[in-house]
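Below, each chain spelled out in residue letters.
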Amino acid sequence: MAKGLNLKSLKSENRSLILYLLNDYGTLSRKEIASKLSLTPAAVTKICNDLIEKGFIEELGEADSHGKSGRREVMLGLCLDDKFVLGINTERNQITYSLSNLRGKLITAEKRKLSDDVNDVIMQAKSFLNSLNIDKNKIIGAGICIIGTLNENDFAVWNDSNLREKFELELNLPVVIENNVSAFAQSELIYGTARNSKSILFLKWGPGIGSSIVSQGKVQSGNDSGIAEIGHYIVNVAGKKCRCGRFGCLETEVSSEVIIKEVGGGLSLEEIVNSTEKDIVYILEHKIDLVALALSNTATILNAQSIVLFGSLFDNKRIVEKLIRRCKRYNNNFGSDMIKASTLNDKREYIGATAICAKEYFFENQV
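Positions within a chain are numbered from 1, following the residues in the order the chain's sequence is written. Confidence filtering applies because this is a predicted model: local features only for residues at pLDDT of at least 70, side-chain atom pairs given and counted only at 80 or more, and all residues used for totals across whole chains, interfaces and linings. In computing side-chain properties, one takes all heavy atoms of the structure into account and sets aside hydrogens as well as water.

A word on the overall build of the protein
Helix and strand definitions here come from DSSP, where helices need a minimum of 4 consecutive H or I residues and strands a minimum of 2 consecutive E residues; each element is numbered from the N-terminal end. Scanning the protein from terminus to terminus reveals 12 helices and 13 strands. When contacts within the protein are restricted to residue pairs at least 6 apart in sequence, those whose partners lie at least 24 apart make up 62%. The protein chains shown are the only cover counted for residues, whose accessible areas, like all others here, come from Shrake-Rupley with a 1.4 Å probe. Split by element, the accessible area of the protein, about 18,600 Å² in all, is 48% carbon and sulfur. It only takes one pair of heavy atoms within 4.5 Å for two residues to be counted as in contact.

Here you go:
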């Protein structure tokens, strides 16, 4: 029995490796896949034929032989355009319902005010799902990105131990739930520029501030990522009480809500970050300095190879540039391209949900 289970697990792992490889390279022949994964051509052919039959990959025609004689290789690619994800992404005051395909392309989205009653959210999600003009059988699942985690109910937006079961029952879809920062980190591994990176620190700065880490090419969660909870680093011993129960956490000092309140005058966040008024610039400089100090210390402890920035504050290039300069002042070991803004920042309201669902129900859980 153990031998059979191990063989089944090995086949499943090899299927996932092939799918991830095609995601990284776009198109490959069976021969190229076998070479890159050190698998036999026969094993690769069998797995690929099975994936073709199930609609996960497709043949895209023969490769250009560049004048060489002999049999030309048939190229393979992922089938991503005809598979969809229902996304539910929470922020501090807003929730976004979305439909996107597995290529990471948004089909449609709807924003609502975030409710602390999960039953209201389920009802809204069902309404959004029913409004979609699409074959529901093509939706592989629902990805739900939440504030906090399911293991930290006092941090989470909804305190409900049966959250996944409730959504699955009402939506009639398989559901995966993840912290929104960790979900965005997963999206970078699947859709972003971090596909081949092994050690990454992700920093989100917006309504709140949070972080996630990638180690050995995988997003870490639970106790493994506790050291990267940058939003709850204490940076002001005389600071206000945080939602975590401590005082003076980074989040209580630099969140977008705090910045808007400190500046006052009814200005929006966009108006604030683009302002050249002396007092406003001074406030922003102080906030950037606090973030840079916490980020530099965290990156040093983790020995991160790269740092990826995302969130509403990083929509502004000036904020990005100032933070990078400040980080380099604190740590001159940071290379010129070690810190960069995410190329997916404009997709942050849905791409995390797409990625965690793609990982769970496409790349790593084929029937």
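A word on the nonpolar core
Core analysis: the largest hydrophobic core is formed by 45 residues, its most contacted members being I33, I57 and F362. Look past the residues within four positions of F362 in its chain and what remains in contact with it is L19, F56, L78, C79, L80, K83, L102, I140 and C357. Side-chain atoms within 4.5 Å link the members of a nonpolar core, which is a set of buried Ala, Val, Leu, Ile, Met, Phe, Trp, Tyr and Cys residues. Burial classes follow relative accessibility: with a 1.4 Å probe on protein chains only, a residue under 20% of its type's maximum area counts as buried, one over 50% as exposed, and anything between as partly exposed.

Comments concerning helix α10 (residues 278-302)
Given the number of residues in a helix, its expected span is that number minus one, multiplied by 1.5 Å. Taking 1.5 Å of rise per residue, the 25 residues of α10 would be expected to cover 36 Å, and the 36 Å separating its terminal C-alpha atoms lies within 8% of that figure. Think of a polar contact as two N or O atoms within 3.5 Å of one another; within protein, one of them needs to be a possible hydrogen donor and the other a possible acceptor, and neighboring residues in sequence only count if both atoms come from side chains. N-cap assignment for α10: the residue whose side-chain oxygen lies 3.2 Å from the backbone N of D279 is E277. Immediately beyond the C-terminal end of α10, within one or two residues, lies N303, with a positive phi of roughly 55°.

With respect to helix α5 (residues 163-171)
Within the span of α5, buried status applies to L163, F167 and L171. The buried residues of α5 occupy an angular sector of 40° when the element is viewed end-on, so they sit on one face. Looking at the packing, one finds that the buried side of α5 touches β4 (84-90), α4 (118-131), β7 (139-146) and β8 (175-179). After α5 finishes, the residue N172 shows a positive phi value of roughly 60°. The arc refers to the directions leading from the helix axis to the C-beta atoms.

Focus: the sheet that holds strand β9 (residues 199-205)
Reading across the sheet, the five strands line up as β11-β10-β9-β12-β13 and stay open at both edges, with mixed pairing between neighbours. Of all the strands in the sheet, just β11 (218-219) and β13 (339-341) have a single pairing partner and so form its edges. Pairing of β9 with strand β10 (residues 209-215), which is carried by seven bridges, proceeds in the antiparallel orientation. Bridged to L201 within β10 is I213. An axis is simply a line fitted to the C-alpha atoms; with a helix, the fit covers only the stretch in contact. Between two such axes, the angle follows the N-to-C directions and lies from 0 to 180 degrees. α10 rests against β9, β10 and β12 (306-310) of the sheet, and its axis sits at about 160° to β9. Against the sheet, helix α11 (residues 317-330) touches β9, β12 and β13, its axis set at about 170° to β13. Note: two strands are recorded as paired if DSSP finds a minimum of 2 bridges between them.

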